[in-house]
Amino acid sequence: CGDYDRALEQYGVAKDIFQTTGTTSTPAMAALLQRRGVLYRLKGDFVNAKDECERAYEILKAIGAAQTVGAAVVLHTIGTVLLELGQNGAALEYFEQAKGILEITRTDKSRAAAELLRRMGQVHAITGNVAEGLRILNEALSIADLLGLMKTRSAGKILQEVGSVYRLQGENLKAMDNYTRCIETYERAGMDITPEVAEVVGLLAVVHSNLSEFNRAHVLYDRALRIFDETGTQGSAAAAIVLMNKGATLCKVAKYGQSFELYAKSEAIYRATGTDKSPSMAILLRLKGVVLRSRGCFAEALAAFEEALTVHKLTETSRSRDAGILLHSIGTVHFHRGKWGDAHHAFAASLEVLNTCGAGRSSAAASVMRRLGQVQFESGSYQKALETFTAALAVVESTGIKSTRLGAMIYQCIGTLHRKRGDNDAAFLSYKTAVEILGIAGMSTTPEAAALETDLGIVDSNRAAFESAVGRYQAAWKMLGETQTQQTAVAAEVQLCMGVVASKQANFDLADQHYHTAHDILQKGDMSRTTLFAEVLQRQGVIKRIQGSIDEAMKLYQRSLEIYEQSGTLATREAAVVRHSIGTVYLERQDMEKAEEFYSEAMRILTLLGADRTSAAAELLHRQGQVDQARGNLHDAEAKYAMAVKIFEATGTAKSHKCAEVLQCLATVHEELGSCKAGEVRKRAMSIFSLVGRAKHMAHLISNRDHH
């Protein structure tokens, strides 16, 4: 019933009796200590759990029973404790020792053997050796079948473990099949209203959540919680996990308040059962941090993660897989804050922990490598980033999980790398590969698929294929509607992109409508402190500037900059863009000193980030050149324009309208300097504008040519 303290109290009474009667050196006493060890393990008190079991084993050795089935059970329990401590290699050694005893005693085809193999399969799967893990689990199932146990709890637990292996690897459809078989097994065993069934139903809900089938997930969560209520186990650790997972699902649809309510209930159970210093509590704290991070509360998120790290240290699980995932979460906060050095350090520490616990070739490691590649890319190390993404792909391929959500996300990162370097063709191919993978994984109408459709739309927009881009954005919006996720950050990004396309087509009223929709989504979803909200404000400011409402534009830019300051992300590329926009307002007001101040600060940030050779830096050089040109510093202006063009060429964006605009300015400077290069440069600009369909710019250039 989850009342571990009461159970320990009763076992304590039994222990006193053994001591009073002088029968402490007996198999019965060893069995009692082993059971006490199991209870301590369930409480998350691994130190006492290991101590009790080791004392049990010492008794068995002292009485010459170290090669008995009872000894194998004790070794099995010690191995399980080590497994939860993240000491996977040591755990496997104990499991192998227990297996050897079962073979010697010819009980290697017993129920105890099947249970032991289940744990061994779990270790292999966690450490990335998925194929071996599944082979061992199938061997356990064969033993259960041989013993006629396929309608028993033992077979159900093995099927549950198989499902969890597939779920953690991202193979949700296979996980669903095994969880369903597990539930059917329990039902055939007459266990349809038991905590065991509730636990698996909760895991099945997680699978549906992973597939973005949120309604179905909530139905299953409620069913699991109802079973816990009916069996009087609503205060158990298993019930707390279901509440925690339901909260994580609500977080996916931006229902952060409801998520926190469930997390609070889960935490209350942990405290009531004395498991508030357990690894499960650390996971709960990490999930709370993820919600805070999603809302843009980075400082609060880091505080939650630090508290989780403290729990891992207290429980001696700071070298476990879960601790490695926690470090990944910490790195992600630093990533969103633009602190590439801190992010790199956290991701490297995460990989070290995962390698230490034998999970260096697992899906968890590949996920960290994906983030590490993003840091390298944002820092300007494009080749290193591509190598890291390729290495992550090699990991998912070696573990047989390429066709999963993670595989798709890695290809998505590769596509974004190519897109931001101006190689739209390579980006398109990578994004399409990611879309195909999601289709294979049964995730073709999920928020992840919508995000990819949005990326493909951005590629079309870059190619000036605006009609196609809008079609993709509308398809993404429809997907989000089908999954009831039109109030999430992904939905706001879709609206933002639709606004950008409308702006490119000079339909500023429509652009403003889309930006307002994105603004409302984020504000209603309690995401008004996020950098995405700051980006929306910056875009709204651009529209106001174009419409002549300079003061309103400036207010929006300043609000945007305040968000970056409050979230500790002032030194990011996005914040540099806002400074760029403010500088442009001052440029149009003819306040060259202020314009140069903001442009210089923006360039300083890009240089600090190693992004001074990106298209964003080229656009900034364009504006700085305009300041020099307005001041009559024609040679300085010429140098900046020329540098901007070189950057566009180096990043593969020399055929963009932005580059053409710089060439137009460069041609004008050449003319003012009396250079014969002017005509050639202007002709090149005209060619680009013609190519990308910028008719208004084309007409302006022709007018200038005729004048000269």
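Look up a bit, the structure's there.
Bear in mind the structure is a predicted one, so any value in this text is a computation, not a measurement.

Basis of the calculations
- Residues numbered from 1 in each chain as written.
- Predicted model: local features only at pLDDT ≥ 70, side-chain atom pairs only at ≥ 80, totals over all residues.
- Heavy atoms only, no water.
- Helix = DSSP H or I, 4+ residues; strand = E, 2+ residues; numbered from the N terminus.
- Buried < 20%, exposed > 50% of the residue type's maximum accessible area, 1.4 Å probe, protein only.
- Contact = heavy atoms within 4.5 Å.
- Areas by Shrake-Rupley, 256 points an atom, 1.4 Å probe, with all protein chains shown as cover.
- Lys, Arg positive; Asp, Glu negative; His and termini not counted.
- Charge placed at Lys NZ, Arg CZ, Asp CG, Glu CD.
- Expected span 1.5 Å × (residues − 1).
- Core = buried A, V, L, I, M, F, W, Y, C linked by side-chain atoms within 4.5 Å.
- Axes fitted to C-alpha atoms, helices over the stretch in contact; angles between N-to-C directions.
- Parallel < 35°, antiparallel > 145°, perpendicular 65-115°, else oblique.
- Left-handed = near helix turned anticlockwise from the far one by under 90°.
- Nonpolar A, V, L, I, M, F, W, Y, C, P; charged D, E, K, R; others polar.
- Salt bridge = Lys/Arg side-chain N within 4 Å of Asp/Glu carboxyl O.

### Side note on the overall build of the protein
When its secondary structure is counted, the protein shows 34 helices and 0 strands. Counting across all 708 residues of the protein, residues that qualify as buried make up 56%. Of the contacts formed within the protein by residues at least 6 apart in sequence, a portion of 61% connects residues at least 24 apart. Per element, the accessible surface of the protein, about 28900 Å² overall, is 50% carbon and sulfur. Of the charged side chains in the protein, 81 are positive and 80 negative, and the gap between their average positions amounts to 1 Å.

### Notes on helix H12 (residues 237-252)
Over its 16 residues, H12 runs 23 Å from end to end, which matches the ideal 22 Å to within 8%, given 1.5 Å per residue. Taken across its 16 residues, H12 has 12 buried, putting it largely inside the fold. Inspection of H12 places Ala237, Ala239, Ala240, Val242, Leu243, Met244, Asn245, Lys246, Gly247, Thr249, Leu250 and Cys251 among the buried residues, and these make up the whole buried set. On the buried face of H12, the contacting elements are helix H1 (4-20), helix H10 (195-210), helix H11 (214-230), helix H13 (256-272) and helix H14 (279-294). Positive backbone phi, at 65 degrees, marks Ala254, one or two positions downstream of H12.

### Let's talk about the nonpolar core
The biggest cluster of nonpolar side chains holds 235 residues, and the ones touching the most others in it are Phe305, Ile410, Tyr473 and Ile582. Once residues within four sequence positions are removed from consideration, Tyr473 is found in contact with Thr454, Gly457, Ile458, Ser461, Val494, Cys497, Met498 and Val501.

### A closer look at the packing of helix H28 (residues 573-588) against helix H29 (residues 592-608)
The N-to-C vectors of H28 and H29 enclose an angle of 165 degrees; their axes lie 8 Å apart at closest approach. For the element pair H28 / H29, the angle class is roughly antiparallel. Note on packing geometry: the crossing formed by H28 with H29 is left-handed. Of the residues in H29, those touching H28 at Arg573, Ala576, Arg579, His580, Ile582, Gly583, Thr584, Tyr586 and Leu587 are Met592, Lys594, Ala595, Phe598, Tyr599, Glu601, Ala602, Ile605 and Leu606. Tallied by class, residues from the contact of H28 with H29 come to 11 nonpolar, 3 polar and 4 charged.

### Points about the environment of Thr653
By the element assignment, Thr653 lies in the loop between helix H31 (634-650) and helix H32 (657-673). By relative accessible area, which is 15% here, Thr653 ends up buried. When the C-alpha positions of Thr653 and Phe95 are compared, they lie 58 Å apart, and in sequence the two are 558 residues distant. Look past the residues within four positions of Thr653 in its chain and what remains in contact with it is Arg421, Gly422, Ser615, Phe648 and Cys659.

### Some points on the pattern of salt bridges
Taken as a whole, this structure holds 34 salt bridges when the rule is applied. Each of Glu267, Arg271, Asp276 and Lys288 takes part in a single network of salt bridges with overlapping partners.

### A few points about the side chain of Ser212
Mapped onto the elements of the fold, Ser212 is located in the loop between H10 and H11. If near-sequence neighbours (up to four positions away) are discounted, Ser212 is found in contact with Thr446, Pro447, Glu448 and Thr483.

### Comments concerning the packing of H29 against helix H30 (residues 615-630)
Two numbers describe how H29 lies on H30: the axes approach to 10 Å, and their chain directions differ by 155 degrees. With respect to H30, the axis of H29 lies roughly antiparallel. Considering the relative orientation of H29 and H30, their crossing is left-handed. Counting all contacts with H29, which are made through Met592, Ala595, Glu596, Tyr599, Ser600, Ala602, Met603 and Leu606, the residues of H30 involved are Ala616, Ala617, Leu620, Leu621, Arg623, Gln624, Val627 and Ala630. Looking at the contact of H29 with H30, its residues break down into 12 nonpolar, 2 polar and 2 charged.

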